[in-house]
Amino acid sequence: MPFPRSLLLAGAATLGLAACAAKPPASTVAMNQIQVIGTHNSYHAGIAANESTLWKKTNPEQYAALEYHHQPLTAQLSAGVRQVELDIYADTRGGLYAHPAGPGLVARAGLPADPPFDPNHVMDKPGFKVMHVQDVDYRSTCQPFTACLAEIRAWSQAHPGHVPVFILLETKEEILSLPFPTVQPEALTPASLDALDREILSVFKADEVITPDQVRGTATTLNAAVRAQGWPSLDEARGKVVFLLDQKKISARYLEGHPSLKGRVAFTNAETGTDDAAFIEMNDGPGDAITALVRQGYLVRTRSDADTKEARTNDTRRREMALASGAQIISTDYPASEPAASGFVVSLPGTVAARCNPVTAPATCPATGLDR
């Protein structure tokens, strides 16, 4: 049964009562004064064996960019990952993604069938689904979206002293142009984004999430809050999660009826200076631009590698730029527990889960033990 909108807003507003109304003391580490490693497409189980054979033959360059996979979310979190990324597709009625094209293409190519991707028929049920590309790269280590969230919450409950876990949501609605029929995703609307917030709050309790309302506090806008009073302290954020929306094009729809993200659960990937600006993605750098944003109080996510390119040649230049930039979240396909065959890996010194931010951390930030 859908949550009444009034209950959704009341739940989000609960956190506003505990809002950080003033900048933490200089001796206190704020939640944006740390740096963590995240994984890109954290749910990615990889393409099944015989579909891989087919894709390598017909689309070798595209396949190369997809040739990675991750451990289940619980294993990643236990290994020190503190940001996960989930690509989500709306499926209001259920069944939209239950019959991908991949198995039929394998059969027509005369290849053996791969194991079924949805033996429990989860895809038949309504609700957001998690996958990379419909019909092509659709196998996930968790499904549906709420099950992925439940896995994260279970780990969080078992590790209550952890630094905040950032959950990046990439909303998907692209129509593919391929030489075979593919599913047309649902367009995301303000109503379906309301449903997204409801799904999140059906798994996480309101006081387990750092929301825009909490960060805004008594400031007039979210942007004014992060630029002046700052983010909550790290101790206030321990054991909690933070939801971030990846796609800028979705921001206007998510903001509709929610100026400065009032009553919303997630932070938008915003343009600097706008009322909702607190989180910004700069996936490609440059490092000095990231550093400037971090100094202004923004939470920044960047990438240390992409499309397996750096990993294939063990090119560490982008990785080193990201680490030095002060971006609080550095995303990779190759965290410490999942190094590339070339030896390429992305981790913090000492392979800790979190370190003091190299750009903004106060002198009192402890050299060890940030993550408990």
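Rules used in this analysis
- By convention here, each chain's residues receive numbers from 1 onward along its written sequence.
- The model is predicted, so local features are restricted to residues of pLDDT at least 70 and side-chain atom pairs to those at 80 or more, both for listing and for counting; the totals for chains, interfaces and linings are taken over all residues.
- With hydrogens and water set aside, each side-chain value is computed from the structure's full complement of heavy atoms.
- Any pair of cysteine sulfurs within 2.5 Å is marked as a disulfide.
- Exposure classes here rest on a 1.4 Å probe applied to the protein chains alone. A residue is buried below 20% of its type maximum, exposed above 50%, and partly exposed in between.
- What we call a nonpolar core is a set of buried Ala, Val, Leu, Ile, Met, Phe, Trp, Tyr and Cys residues that are connected through their side-chain atoms within 4.5 Å.
- We call two residues contacting when some pair of their heavy atoms lies within 4.5 Å.
- Salt bridges, as used here, are contacts in which a Lys or Arg side-chain nitrogen is within 4 Å of a carboxyl oxygen on Asp or Glu.
- Numbered from the N terminus, helices here are DSSP runs of H or I no shorter than four residues, and strands are runs of E no shorter than two.

Colleague: Got a minute to help me understand the state of the cysteines in this structure?
Modeller: The tally for this structure, following the rule as stated, stands at 2 disulfides. The disulfide that involves cysteine 142 links it to cysteine 148, with 2.0 Å between the sulfurs. Here cysteine 142 and cysteine 148 share a disulfide; its torsion about the S-S bond, 100°, makes the bridge right-handed. You'll find cysteine 142 and cysteine 148 in the same group, each marked buried. Across a sulfur-sulfur distance of 2.0 Å, cysteine 356 and cysteine 365 are joined as a disulfide pair. One disulfide, between cysteine 356 and cysteine 365, carries an S-S torsion of -95° and so falls in the left-handed class. Overall, cysteine 365 belongs to the buried group, its relative accessible area being 10%. Assigning the bonded cysteines of the protein chain consecutive numbers by sequence position, one obtains the connectivity 1-2, 3-4.

Colleague: Would you mind showing me how to read the nonpolar core here?
Modeller: Looking at soluble globular proteins, one finds that nonpolar side chains tend to be buried together. By size, the foremost hydrophobic cluster in this structure holds 60 residues, and its most contacted members are Leu86, Phe145, Ile167, Leu169 and Phe243. In this structure, leucine 169 is in contact with Leu86, Ile88, Phe145, Leu196, Ile200, Phe243, Leu244, Leu245 and Asp246, ignoring residues within four places of it in sequence.

Colleague: What's the story with the pattern of salt bridges in this structure? I'm lost.
Modeller: Side chains that differ in charge, positive against negative, can pair when their charged atoms come close. Scanning the entire structure with this criterion turns up 19 salt bridges. Aspartate 194 is paired through a salt bridge with arginine 264; the nearest N and O atoms lie 2.9 Å apart. Taken together, the positions of aspartate 194 in helix 7 (residues 190-203) and arginine 264 in the loop between helix 11 (251-255) and strand 6 (279-281) put the pair 70 residues apart, joining distant regions of the chain. Since its relative accessible area comes to 14%, aspartate 194 is described here as buried. Residues glutamate 310 and arginine 318 are paired through a salt bridge, measuring 3.5 Å at the closest nitrogen-oxygen approach. Note on accessibility: glutamate 310 and arginine 318 belong to one class, buried. Look at the salt bridges and you will find they share partners, linking Glu85, Glu281 and Arg301 into a network.

Colleague: Looking at this model, I keep getting lost on unusual backbone geometry. Mind explaining?
Modeller: The phi torsion of most residues other than glycine is negative, and most of the peptide bonds are trans. In the segment running from glutamine 143 into proline 144, the intervening peptide bond is cis, with an omega of 0°. The residue proline 144 is located in the loop between strand 3 (129-130) and helix 6 (145-158) in this model. Here the residue pair glycine 285 and proline 286 is connected by a cis peptide bond, since its omega of 0° sits within 30 degrees of zero. Positive phi is not limited to glycine here, since aspartate 307 has a value of about 60°. Along the chain, aspartate 307 turns up in the loop between strand 7 (299-303) and helix 13 (309-313). Given the relative accessible area of 38%, aspartate 307 is considered partly exposed.

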